[in-house]
Amino acid sequence: MKPNIKNIAVLTSGGDAPGMNACIRAVVRTGIYNGINMFGVLQGYQGLISNNIIPMDARSVSNIIHLGGTILKTARCLEFKTEEGMELAFQNLKARDIDGLVVIGGDGTFTGAQRFGKKFGIRVIGIPGTIDNDLYGSDFTLGYDTAINTVIEAIDKIRDTADSHDRLFFIEVMGRDSGCIALRSAIASGAEAVLLPEKETSLDELISQLEVGASTKKSSSIVIVSEGHKDGGAYDVAKKVKERFNHYDTKVTILGHLQRGGSPSSFDRILGSRLGFAAINELLKGSTMQMVGLRGNDVKTTSIDEALTRHTFKLESDLLEMTKVLSI
Ligand code: F6P
């Protein structure tokens, strides 16, 4: 039997990701279209605890589809990990008769939703929104595609100067424990090598790859280092390589938070719209503790438990093999 849901709140939490606004717009408008009173929670779980909850109508989400960041703001909230914090959050939802919650974020957000939903029985649907692409059950998370486009635009520029000066560049990209941004950026930018957190790449292997390039007249090279790599960040790796291989003048660039901003790509706008629409429809059907994600070209649900436990299986090993072949 369908539940009689009247009030739904939406929040964004953890690192912002391009496409979150397109998604908020879809959540709010799909809810309103179905006769639901919609609310926005400001600053993620922090706003739930401090009662920063506002009503939203169709016009509250006008002209935001093209904006990066999140109009609802976001935060990484330690207090929500405590029993007291969760209790306060629940009381604030109860006071407004909010019986459904849509959370948009990454693994930290989903972990919060998992505990909160189980403890209070509130209906929760998660939408994968993180540039890291590290949730199982969605081939793509919101913001990942835009982040890769941002990275390759930057690397294209670095390649111009690297080649003009015959230099070796180490470029560090985000992704915490996930090498997804690094790997796809490596393919799309034609990088010579990529170092990922999920995969052991020995310095010996990297150096011999660079040596082969130098001996076959490569005048410059680009190595992408994922921030979570075991040998440290790009500065550490560059230093270690330079001690044993100094054929090129070596430079380091950390791309940092510029990867999180910017207008979302068409892919992320459409993904955000589809997932926001699906999240409300799932709540209205009676689903809870599910994530809506993209598999193939279909929107599918995965339990939040599963989305959190299986994310390490995501690395596309065929792409990794390709970086070696295509960079000779
Ligand atoms: O989870 C997204 C992400 O951008 C990671 O890639 C990165 O490690 C982290 O957030 C940085 O977090 P903050 O913006 O809080 O420094």
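Residues numbered from 1 in each chain as written. Predicted model: local features only at pLDDT ≥ 70, side-chain atom pairs only at ≥ 80, totals over all residues. Heavy atoms only, no water.

Undergrad: Hey, could you run me through the overall build of the protein chain in this one?
TA: Regarding its fold elements, the protein chain presents eleven helices and eleven strands. Over its C-alpha atoms the protein chain spans a radius of gyration of 22 Å, differing by no more than 12% from the 20 Å that the globule rule assigns to 328 residues. Expressed along its principal axes, the backbone C-alpha trace of the protein chain runs to roughly 70 × 35 × 30 Å. Taking as baseline every contact in the protein chain between residues at least 6 positions apart, the subset at least 24 positions apart corresponds to 77%. About 14,200 Å² of surface is accessible on the protein chain, with carbon and sulfur atoms providing 51% of the total. A gap of 5 Å separates the mean positions of the 37 positive and 39 negative side-chain charges of the protein chain. (Helix = DSSP H or I, 4+ residues; strand = E, 2+ residues; numbered from the N terminus. Rg over C-alpha atoms; globule rule 2.2 N^0.38 Å. Contact = heavy atoms within 4.5 Å. Areas by Shrake-Rupley, 256 points an atom, 1.4 Å probe, with all protein chains shown as cover. Lys, Arg positive; Asp, Glu negative; His and termini not counted. Charge placed at Lys NZ, Arg CZ, Asp CG, Glu CD.)

Undergrad: Can you walk me through a negative patch on the surface in this structure?
TA: Taken together, Asp156, Asp160, Asp163 and Asp166 make up a surface patch of like negative charges. Along the polypeptide, aspartate 160 turns up in helix H5 (residues 144-165). Assessed through its relative accessible area of 53%, aspartate 160 is described here as exposed. (Patch = residues over 30% accessible without salt bridge, like charges linked within 9 Å, V, L, I, M, F, W, Y side chains within 5 Å. Salt bridge = Lys/Arg side-chain N within 4 Å of Asp/Glu carboxyl O. Buried < 20%, exposed > 50% of the residue type's maximum accessible area, 1.4 Å probe, protein only.)

Undergrad: Looking at this model, I keep getting lost on the UniProt feature "domain: Phosphofructokinase" (unreviewed entry) in the protein chain. Mind explaining?
TA: Sites flagged by UniProt as "domain: Phosphofructokinase" (unreviewed entry) map to residues 7-281. The span residues 7-281 shows a helical share of 43% and a strand share of 18%, and its end C-alpha atoms are spaced 14 Å apart. (UniProt positions renumbered as here; feature names shortened; annotations may be inferred.)

Undergrad: Hey, could you run me through the domain arrangement of the protein chain in this one?
TA: Accessible area lost when the parts come together is the quantity often used to give the size of an interface. Split into domains, the protein chain comes out as domain 1 (7-143 + 264-310) and domain 2 (145-260). Computed from C-alpha coordinates alone, the two centres of domain 1 and domain 2 are separated by 34 Å. Counting residues at the interface gives 14 residues for domain 1, matched by 13 residues for domain 2. Overall, the association of domain 1 and domain 2 removes approximately 1,100 Å² of surface from exposure, summing both partners, and the carbon and sulfur fraction of that is 49%. Taken together, the links from domain 1 to domain 2 amount to one salt bridge. Linking domain 1 to domain 2 there are eight residue pairs in polar contact (both at pLDDT 80 or more). (Domains from an automatic or database assignment. Buried area = accessible area lost by both parts, 1.4 Å probe. Polar contact = N/O pair within 3.5 Å; in protein donor to acceptor, adjacent residues only side chain to side chain.)

Undergrad: How should the pattern of salt bridges be read in this particular structure?
TA: Pairing between side chains of opposite charge can happen when their charged atoms approach one another. In this structure the tally under the stated criterion is 13 salt bridges. The partner of aspartate 16 in a salt bridge is arginine 260, and the shortest N-O contact between them spans 2.8 Å. Within this pair, whereas aspartate 16 is found in the loop between strand E1 (7-12) and helix H1 (20-33), its partner arginine 260 is found in the loop between strand E9 (249-254) and helix H9 (266-285), the two being separated by 244 residues in sequence. Classification of aspartate 16 by relative accessible area gives buried; the value is 18%. Salt bridges linked by common partners bring Glu83, Arg115 and Lys119 together as one network.

Undergrad: Looking at this model, I keep getting lost on the site of the ligand. Mind explaining?
TA: Taken together, Arg76, Ile131, Asp132, Met174, Gly175, Arg176, Glu227, His257 and Arg260 form the complete shell of residues around the ligand. A distance of 2.8 Å separates an oxygen atom of the ligand from a polar atom in the side chain of histidine 257. For the ligand, whose accessible area on its own is 400 Å², the fraction buried by protein is 75%. When atom positions are compared with the pocket grids, the ligand is found to occupy the largest pocket. Residue composition of the shell around the ligand, by class: two nonpolar, two polar and five charged. Two domains each put at least three residues into the shell around the ligand: domain 1 (7-143 + 264-310) and domain 2 (145-260). (Near = heavy atom within 4 Å. 1 Å grid on protein atoms, 1.4 Å probe; cavity = no way out; pocket = protein on both sides within 12 Å on 5 of 7 lines; lining within 4 Å. Sits in = over half its atoms within 2 Å of the grid points. Nonpolar A, V, L, I, M, F, W, Y, C, P; charged D, E, K, R; others polar.)

Undergrad: Help me understand the nonpolar core in this model?
TA: Ile8, Val102, Ile104, Ile127, Val194, Ile222 and Ile224 are the most contacted members of the largest nonpolar core, which has 58 residues in total. Built from parts of two domains, this core gets at least three residues from each of domain 1 (7-143 + 264-310) and domain 2 (145-260). Not counting residues within four places of it along the chain, the set of residues in contact with valine 194 comprises Ala182, Leu183, Ala186, Thr201, Ile224, Leu320 and Thr323. Membership of the second largest hydrophobic core comes to 29 residues, among which are Ala9, Phe39, Ile49 and Phe80. (Core = buried A, V, L, I, M, F, W, Y, C linked by side-chain atoms within 4.5 Å.)

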